[in-house]
Amino acid sequence: MARTLPLALCFIMGVLMACQFFIPHPLSQSFLDLIIKWVRIISAFALALGVRSVTLRHYERIKRRKGEWGFSVVTIVSLLATALIGLIWGVGAKSYLRLIFSNIMVPLGATMFSILAFYMASAAYRAFRARTKEATLLLIASFIVMLGMVPIGTAISPRLSDLAEWLLSVPNMAAKRGIMFGVALGVIATSLKIILGIERGWLGGRR
Amino acid sequence: MVYLLLFFFTLAPPTSLCVFDTPNDAGKSITISWQKLEEEVSCYEVWRRGEGETDFQLCGILPATECQFVDDKVIDGKVYYYKVVAVKGEERAESEISNPVKSSPQWFATNRINVLVGVIFFSALLLYFIYHARKGKKLFIRRISGLDAVEEAVGRATEMGKPILYIPGLGSIADIATIASLNILGEVAKKTAQYETTLLVPNRDPIVYTVAYEVCKEAYTNVGRPDAFKGENIFFITDAQFAYAAAVDGIMVREKPATNFFMGMFWAESLILAETGATTGAIQIAGTDAVHQLPFFITACDYTLIGEELYAASAYLSKEPLLVGSLKGQDYGKLVILFLLLVGSCFLLLSALPQFRFFQVIIRFFSVS
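Keep in mind that this is a model prediction, so the values were computed, not measured. (Residues numbered from 1 in each chain as written. Chains lettered and ligands numbered in written order. Predicted model: local features only at pLDDT ≥ 70, side-chain atom pairs only at ≥ 80, totals over all residues. Heavy atoms only, no water.)

## Observations concerning the overall build of chain B
On a plain count of helices and strands, chain B comes out with eleven helices and 13 strands. Relative to the globule expectation of 21 Å for 369 residues, the C-alpha radius of gyration of chain B, 31 Å, shows a markedly less compact shape. Taken along its principal axes, the extent of the C-alpha atoms in chain B is 105 × 45 × 40 Å. Residue burial in chain B is summarised as follows: out of 369 residues, 50% are buried. Once local pairs closer than 6 in sequence are excluded, the contacts in chain B between residues at least 24 apart make up 66%. Surface accessibility of chain B: about 17900 Å² in total, with carbon and sulfur atoms responsible for 60%. For chain B, the centre of its 32 positive side-chain charges and the centre of its 40 negative side-chain charges are spaced 7 Å apart. (Helix = DSSP H or I, 4+ residues; strand = E, 2+ residues; numbered from the N terminus. Rg over C-alpha atoms; globule rule 2.2 N^0.38 Å. Buried < 20%, exposed > 50% of the residue type's maximum accessible area, 1.4 Å probe, protein only. Contact = heavy atoms within 4.5 Å. Areas by Shrake-Rupley, 256 points an atom, 1.4 Å probe, with all protein chains shown as cover. Lys, Arg positive; Asp, Glu negative; His and termini not counted. Charge placed at Lys NZ, Arg CZ, Asp CG, Glu CD.)

What follows is the structure, encoded as structure tokens:
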């Protein structure tokens, strides 16, 4: 029963959602809206489980003085402080919570994002080392594309930007579309296997 | 003479007024189209009158370049009449009043019939090969080096006494890539349970976290090692994208896992994670269907599952005949698409010739709206 019920639910909902795509009637739309609301409700409960997981994990680290447990103290204090500030002073546009979000979360996120530039440089160095024929081709193609996309490239030769554009829109696009065809078929196949109960990995086992 | 002048200088009314219930919609919408005037006009006004009403009401003003209007402020089942007025300065020219029309919701989107045909055909193909696999027919699947390396990667982590880090992507459970990733996680968890290797699964989505927890728990139970399962190793971090990336980077640097798996949906954080993993010296196996992130993974990881290989991974690792059968169906599906692409390209070229115009109907059938 513990396995049959989820499989039956998965089959019914899978078939209904597939049919929904082909039915523009308001009944079908309101069914989709209802499902989206249900997903939000389930997400809210799952978030409570997530917060429990964070709290327990860091509490254990502090209790056992494991590794750099000081960071766990900072995490727990930040979690509690943010939650309390939100509960006491609200979550409006000029609230303290928004202040924390704008002045701590956003700059920290932007910092992580900006690190990407350095990682890109190191990854590009590794990718463009012309050790093989393929890597050499990649190096030449990327050199043309990069040069063709900046004003200096056009200054060197007006044909360079056309060549860069061609590389992006013909060989690059062809490869992309090839991958996307495979992905689309993979998505349909996986969905069908899940709906029919052939693929049961998401339940933790096959049989 | 005066009549002749009036004939030449009076604004002509819009003609060929066509009013119909907007097709393939949820109702409450009527489409009005007309022939654009050759002479220059300021704008077109669309007027509507419901049955039982005496006067026409203005329901839309369109620039001179437009000749179609969708009126989405109508009541289903009520009869309406329309007229279009061409305006040029002070001059106005009214079209004839349209035939009565009423809107209604549709039960089937006829513009998606090509998708339905495609899905039915592909599903039939899959079911055919699954049926053959069920009968015990041996099917060949090509080797995928990234998946062959899974066993080696788990073995390496066991020998080194270091953990395995499995990132199930940053997508939600609604992403099929995430579900494919959870299927692979089940197989990896079985191997770590057998080797008694620590498996760390940090999650970004709370629902994915709960599913990943259950998948791992079931996998450990299935191989007879429920005692080896450590629930605290499957944990939720945060749903903030870069905070998650920072936390996972921290785990990589502190715990120094021997193997990193990046499977599922990734965005800009893909390179941040993969490059940090590369600097720690871990074996890295990635798999995603996010086309824009693939180059980053190919550069920074030892093995990368490209697109569909991610979906094939679960079948490949488990070697279950039914799942392998579906892989064969996928391959034949690709063959059909390749054939259609070639034939479609020929039709498109030929349709430029007047005697082969009818090919355009076939090409239109394959365009998805």
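Text resumes after the structure shown.
## A word on the side chain of R200 of chain A
Within the secondary structure layout, R200 of chain A lies in the segment after α7 (158–195). No salt bridge is formed by the buried R200 of chain A; the nearest opposite charge belongs to E320 of chain B, separated by 7.9 Å. Side-chain polar atoms of R200 of chain A contact the backbone oxygen of G197 of chain A, separated by 2.7 Å. (Salt bridge = Lys/Arg side-chain N within 4 Å of Asp/Glu carboxyl O. Polar contact = N/O pair within 3.5 Å; in protein donor to acceptor, adjacent residues only side chain to side chain.)

## Section: the pattern of salt bridges
When charged atoms on two side chains of opposite charge get close, those side chains can pair. Residues and elements named next belong to chain B. A full pass over the atoms with the stated rule returns 16 salt bridges over all chains. A salt bridge links R48 to D71; the nearest nitrogen and oxygen atoms lie 2.7 Å apart. Placement of the pair is R48 in strand β3 (residues 43–50) and D71 in strand β5 (residues 68–71), with a sequence separation of 23 residues. In terms of burial, R48 and D71 fall into one category: buried. If you follow the salt bridges from partner to partner, you end up with E196, R225 and D227 in one network.

## Things to note about the nonpolar core
Residue and element names in this part refer to chain B. Counting 61 residues, the largest nonpolar core has Y166, L185 and L199 as the members making the most contacts within it. Sorting elements by how many residues they give to this core places helix α4 (residues 176–195) first, with ten residues. The residues contacting L185, other than those within four sequence positions of it, are Y166, L199, V201, A212, V215 and C216. In this structure, F242, M252, F266 and A300 belong to the second largest nonpolar core, which totals 25 residues. (Core = buried A, V, L, I, M, F, W, Y, C linked by side-chain atoms within 4.5 Å.)

## Observations concerning a nonpolar patch on the surface
All names here are of chain B. Together, F108, I113, V117, F339, L340, V361, I362, F365 and F366 line one region of the surface with nonpolar side chains, adding up to about 790 Å² of accessible area. When residues of the nonpolar patch are traced back to their parent elements, those giving at least two are α2 (113–134), α10 (321–350) and α11 (359–365). Looking at the nonpolar patch element by element, the count peaks at three residues for α11. Under the relative-accessibility criterion, F365 is labelled partly exposed at 36%. (Patch = residues over 30% accessible without salt bridge, like charges linked within 9 Å, V, L, I, M, F, W, Y side chains within 5 Å.)

## Section: the packing of helix α3 (residues 69–89) of chain A against helix α4 (residues 96–127) of chain A
Helix packing for two helices is described by the angle between their axes and how far apart those axes are. Residue and element names in this part refer to chain A. Where α3 contacts α4, the two axes come as close as 8 Å, and the packing angle between them is 140°. One finds that α3 runs oblique with respect to α4. Judged by residue contacts, T82, I85, G86 and W89 of α3 engage Y96, L97 and I100 from α4. Looking at the contact of α3 with α4 residue by residue, the classes come out as five nonpolar, two polar and no charged. (Axes fitted to C-alpha atoms, helices over the stretch in contact; angles between N-to-C directions. Parallel < 35°, antiparallel > 145°, perpendicular 65-115°, else oblique. Nonpolar A, V, L, I, M, F, W, Y, C, P; charged D, E, K, R; others polar.)

## Some thoughts on the confidence of the model for chain A
Per-residue confidence for chain A gives a mean pLDDT of 91; residues scoring 70 or more make up 98%. Predicted confidence in chain A is weakest over helix α5 (residues 133–148) of chain A, with a mean pLDDT of 89, and strongest over α3 of chain A, with 95. (pLDDT = per-residue confidence, 0-100.)

## Looking at the interface of chain A and chain B
In this assembly, 58 residues from chain A lie in contact with 69 residues from chain B. Between chain A and chain B, roughly 5600 Å² of surface is buried when both sides are summed, and carbon and sulfur atoms account for 71% of that area. Our enumeration of links across chain A and chain B arrives at two salt bridges. Across the salt bridge formed by E68 of chain A and R254 of chain B, the nearest N and O atoms sit 3.7 Å from each other. If you list the elements that add at least two residues to the side of chain A that touches chain B, you get α2 (26–63), α4 and α7 of chain A. It is α7 of chain A that contributes the most residues to the side of chain A that touches chain B, 16 residues altogether. Along the lines of polarity and charge, the residues of the side of chain A that touches chain B split into 35 nonpolar, 13 polar and ten charged. (Buried area = accessible area lost by both parts, 1.4 Å probe.)

## Observations regarding the sheet that holds strand β4 (residues 57–63) of chain B
Residues and elements named next belong to chain B. Across the sheet, four strands lie side by side as β4-β3-β6-β7; this open sheet has antiparallel pairing. Looking at strand neighbours, the two that pair on one side only are β4 and β7 (91–94), the edges of this open sheet. The sheet shows a mean angle of 25° between the axes of neighbouring strands, direction not considered. The pairing of β3 with strand β6 (residues 80–88) spans eight bridges and is classified as antiparallel. Among the inter-strand pairings, Y44 is bridged to a residue of β6, identified as A86. (Pairing = 2+ DSSP bridges.)

## Overview of the side chain of E309 of chain B
All names here are of chain B. Structurally, the position occupied by E309 is in helix α9 (residues 308–318). Engagement of the side chain of E309 in a polar contact is seen with the backbone nitrogen of I306, the distance being 3.0 Å. Each residue touching E309, except ones within four places of it in the same chain, is listed here: R142, I144, L147 and T304.

## Some remarks on α2 of chain B
Relative to the 32 Å expected for 22 residues at 1.5 Å per residue, α2 of chain B spans 31 Å between its end C-alpha atoms, a close match to the ideal helical length. Of the positions making up α2 of chain B, those classed as buried are N114, F122, S123, L125, L126, F129, I130, H132 and A133 of chain B. Looking at the buried positions of α2 of chain B, the neighbouring elements they touch are α7 of chain A together with α10 and α11 of chain B. Positioned one or two residues after α2 of chain B, G136 of chain B has a phi angle of 95°, which is positive. (Expected span 1.5 Å × (residues − 1).)

## Comments concerning α10 of chain B
Taking 1.5 Å as the rise per residue, α10 of chain B with 30 residues should run 44 Å; its terminal C-alpha atoms sit 44 Å apart, in good agreement. Of the positions making up α10 of chain B, those classed as buried are L322, L323, V324, G325, S326, L327, K328, G329, Q330 and G333 of chain B.

## Description of unusual backbone geometry
Residues and elements named next belong to chain B. The phi dihedral of S16 is positive, around 50°, even though this residue is not glycine. Not every positive phi belongs to a glycine, and K319 is a case in point at roughly 60°. With respect to the helices, strands and loops of the structure, K319 is situated in the loop between α9 and α10.

## Points about the packing of aromatic side chains
All names here are of chain B. For the structure on display, the rule yields 19 aromatic pairs over all chains. Measuring from centroid to centroid gives 4.9 Å for F129 and Y332, while their planes differ by 15°, and the two rings are stacked. Note that F129 is positioned in helix α2 and Y332 in helix α10, a separation of 203 residues in sequence. With centroids separated by 5.4 Å and ring planes inclined at 80°, the aromatic side chains of Y213 and F229 adopt a geometry described as edge-to-face. Residue Y213 is located in helix α5 (residues 206–222), and its partner F229 is located in the loop between α5 and β10 (234–236); the two are separated by 16 residues in the primary sequence. Since its relative accessible area comes to 25%, Y213 is described here as partly exposed. Given the relative accessible area of 14%, F229 is considered buried. Ring-pair connections join several aromatic residues into one group, and the members of that group are Y209, Y213, Y220 and F229. (Phe/Tyr/Trp six-rings, centres within 6.5 Å; stacked < 30°, edge-to-face > 60°.)

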